[in-house]
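Take a look at the letters that make up each chain.
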Amino acid sequence: MKVERSYAQELDQQDPLRHMRQEFYVSDDQIYFDGNSLGLLSKRAELAVQDMLDAWKQYAIDGWSEGEHPWFYVSERLGDMSASLIGAKSGEVIVTGSTTTNLHQLLATFFKPEGKKTKVLADELNFPSDIYALKSQLQLRGLDRDEHLVRVKSKDGNNLDTEDIIKAMTDDIALIVLPGVLYRSGQVLDMETLTKAAHDRDILIGFDLCHSIGSIPHELSAWGVDFAFWCTYKHLNGGPGSVGGLYVNEKHFGKEPGLAGWFSSSKEKQFDMEHTLTPAPDVGAYQIGSPHILSAAPLLGSLQIFAEIGMTKIREKSLRLTQYLMELIDAELKDFGFHIANPRNDDERGGHIFLEHPEAARICKALKAEGVVPDFRNPNGIRLAPVALYNTFEEVWRMVQILKTVMDQKHYEKYENKRSVIA
Ligand SMILES: *Cc1c(COP(=O)(O)O)cnc(C)c1O
């Protein structure tokens, strides 16, 4: 029987990734389902940080060129290590900046309003930081922010229709920015179809991969996606504020960086100290200043894990975990007014489950008091991310039992139905 604990234990025994849990600092006293907000620390990431501190201790200034990971090349090295996660070629990926600063760089480089094409297309469910960046880039160009930012509407408030997005690709759109996976509902967008539709209409298209990298496989080069950007502290387990990532399709190599700095330079020319920039011939041109080495270091460890396992196995287990979670919610929680608001089918379901409930804020507080870490999304959403690399099927089972008790015994009524400062 699927609702029995023993069934979950069997799934764990059959899980080919079960040995990965011991690579991470994961507490058995807690059920951590928030790895899509902040991934857990792995032992390899910890070691990589210690190694980097040792390199500083040992080499001082010579660390830029000496040691196991010379700092001058760390961004490129991490870019190469990330390429297979998104189906990119070597030279198309660099680890630099943050999600939002990388989006600014990409807009500064690729958004060239001309003639009739003066607008950008996004969606009304997008993460606020992306929208703020789009608006400020419009403002910098003297364009009206409301008129020139078009946002595709969602029919159900949680998901987007491919057809609706394509219909919004009108001939006044110059550039499109969409998420690969939506941060609330976890919907996976059909990046391949959208890219083709955009290119048929002579529009550039890029994706925010914050919730998709490390969670689902991508084929950005094969799909011809123009650009992409992401953070590395969610599914990639790079640690709080770890350095972000940026992809530019090789067909755009040679395009002047919109925001230039001395790290945009070709490596050989950088220390000539000329006042005329010779940009790197590849994605390296979109770096700006000195790399944040200590915030990049954890990735040297954590990305090894992804290289070893590969996205296929991670995606397979992730889908099984979320499928099992939905089945248990259907079976055990049907009387409590929850609504599963993420897409149910495998093609469209990302790495987390999105539950809606009018008391969501205080249900999350009650769960946390019981040792479960979900995350709340205003106004009524609970995200639950069982992560393939370190969560178990038995944790999914236990979490559903805890939630059932919280609802049954109305434990949540002890709390105010209001979000905290960070939620
Ligand atoms: C997490 C997230 C961000 C965060 O941006 P930072 O610049 O890394 O703080 C931006 N966009 C989306 C879609 C996210 O999920």
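The notes below deal with the structure included here. (Residues numbered from 1 in each chain as written. Predicted model: local features only at pLDDT ≥ 70, side-chain atom pairs only at ≥ 80, totals over all residues. Heavy atoms only, no water.)

A closer look at the side chain of Glu395
Inference 1: Relative to the elements of secondary structure, Glu395 occurs in helix H14 (residues 393-408).
Inference 2: Polar contacts involving the side chain of Glu395 include one to the side chain of Arg21, which spans 3.0 Å.
Inference 3: The residues contacting Glu395, other than those within four sequence positions of it, are Arg21, Gln30, Ile31, Phe33 and Tyr390. (Helix = DSSP H or I, 4+ residues; strand = E, 2+ residues; numbered from the N terminus. Polar contact = N/O pair within 3.5 Å; in protein donor to acceptor, adjacent residues only side chain to side chain. Contact = heavy atoms within 4.5 Å.)

Observations regarding the site of the ligand
Inference 1: Neighbouring the ligand are the residues Ser98, Thr99, Thr100, Phe127, Asp130, Asp208, Cys210, His211, Cys231, Tyr233 and Lys234.
Inference 2: Residue Tyr233 places a side-chain N or O atom 2.6 Å away from an oxygen atom belonging to the ligand.
Inference 3: Lys234 has a polar side-chain atom sitting 2.5 Å from an oxygen atom of the ligand.
Inference 4: Burial of the ligand by the surrounding chains reaches 85%, relative to a free accessible area of 390 Å².
Inference 5: Taken together, the residues of the shell around the ligand sort by class into four nonpolar, four polar and three charged. (Near = heavy atom within 4 Å. Areas by Shrake-Rupley, 256 points an atom, 1.4 Å probe, with all protein chains shown as cover. Nonpolar A, V, L, I, M, F, W, Y, C, P; charged D, E, K, R; others polar.)

Examining the environment of Leu246
Inference 1: Mapped onto the elements, Leu246 comes out in strand S8 (residues 245-248).
Inference 2: What makes Leu246 buried here is its relative accessible area of 0%.
Inference 3: Considered as a pair, Leu246 and Arg151 are 95 residues apart in the sequence and their alpha carbons are 23 Å apart. (Buried < 20%, exposed > 50% of the residue type's maximum accessible area, 1.4 Å probe, protein only.)

Examining the environment of Gln30
Inference 1: As for its position among the elements, Gln30 is in the loop between helix H1 (5-14) and strand S1 (31-32).
Inference 2: Under the relative-accessibility criterion, Gln30 is labelled partly exposed at 34%.
Inference 3: Sequence-wise, Gln30 and Glu66 are 36 residues apart; in three dimensions their C-alpha atoms are separated by 41 Å.
Inference 4: The residues contacting Gln30, other than those within four sequence positions of it, are Gly371, Val373 and Glu395.

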